[in-house]
Amino acid sequence: NPYVYGGTSLTNGADCSGFVMSVYNNFGVSLPHSSAADRSVGSSVDGLANAQPGDIVCYSGHVGIYVGDGKIVHASTSKTGIIISNANYRSVLSVRRIF
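The present account deals with the structure reproduced in this document. Everything numeric here is computed off the predicted structure, so don't read it as measured data.

Further remarks concern the environment of Pro 53. Along the chain, the position of Pro 53 falls in the loop between strand 3 (43-45) and strand 4 (56-59). With 13 residues separating them along the chain, Pro 53 and Tyr 66 place their C-alpha atoms 5.0 Å apart. Apart from residues lying up to four places away in sequence, Pro 53 is in contact with Tyr 66, Val 67 and Gly 68.

Let us now look at the environment of Phe 99. Mapped onto the secondary structure, Phe 99 falls in the segment after strand 8 (94-97). A residue is classified by how much of its surface remains accessible, and Phe 99, at 63% relative accessible area, is exposed. The spacing of Phe 99 and Val 45 is 54 residues in sequence and 12 Å in space, taken between C-alpha atoms. The contacts of Phe 99, once residues within four sequence positions are left out, are Tyr 24, Phe 27 and Val 29.

The next subject is the sheet that holds strand 8. Whether parallel or antiparallel, the strands of a sheet pair through hydrogen bonds between backbone atoms. In space, the 6 strands of this open sheet follow the order 3-8-4-5-6-7, with antiparallel pairing throughout. The sheet is open, and its two borders are formed by strand 3 and strand 7 (81-86), each paired with just one other strand. Ignoring strand direction, the axes of neighbouring strands in this sheet form an average angle of 35 degrees. Where strand 5 (residues 62-68) and strand 6 (residues 71-77) come together, 3 bridges link them in antiparallel fashion. Across the sheet, Tyr 66 pairs through a bridge with Ile 72, a residue of strand 6. In this fold helix 1 (residues 16-25) packs onto strand 4, strand 5, strand 6 and strand 7, with an angle of close to 50 degrees to the strand it touches most, strand 5.

Reading the values: rules and limits
- Residues numbered from 1 in each chain as written.
- Predicted model: local features only at pLDDT ≥ 70, side-chain atom pairs only at ≥ 80, totals over all residues.
- Heavy atoms only, no water.
- Helix = DSSP H or I, 4+ residues; strand = E, 2+ residues; numbered from the N terminus.
- Contact = heavy atoms within 4.5 Å.
- Buried < 20%, exposed > 50% of the residue type's maximum accessible area, 1.4 Å probe, protein only.
- Pairing = 2+ DSSP bridges.
- Axes fitted to C-alpha atoms, helices over the stretch in contact; angles between N-to-C directions.

See below:
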């Protein structure tokens, strides 16, 4: 699915925080449409080594969902869309657990 700046649609396109917000909304959880605000939701997880599938991985100006095996799913760029990447592809600021 495509990356769309400001988007929140899982089928028509979303940006990183819109993607995370929309996925969690499908499970009845309201999250902000802001990667910076996502750094304070839920509870803190002590580093990527302790991340579990479903945790939110926060970066400077970006956010994704941990899927396990050291990987995240995220709305990456307008060229790549929603993809799976190594979770440590850039410096992790925070890992947050919602459930």
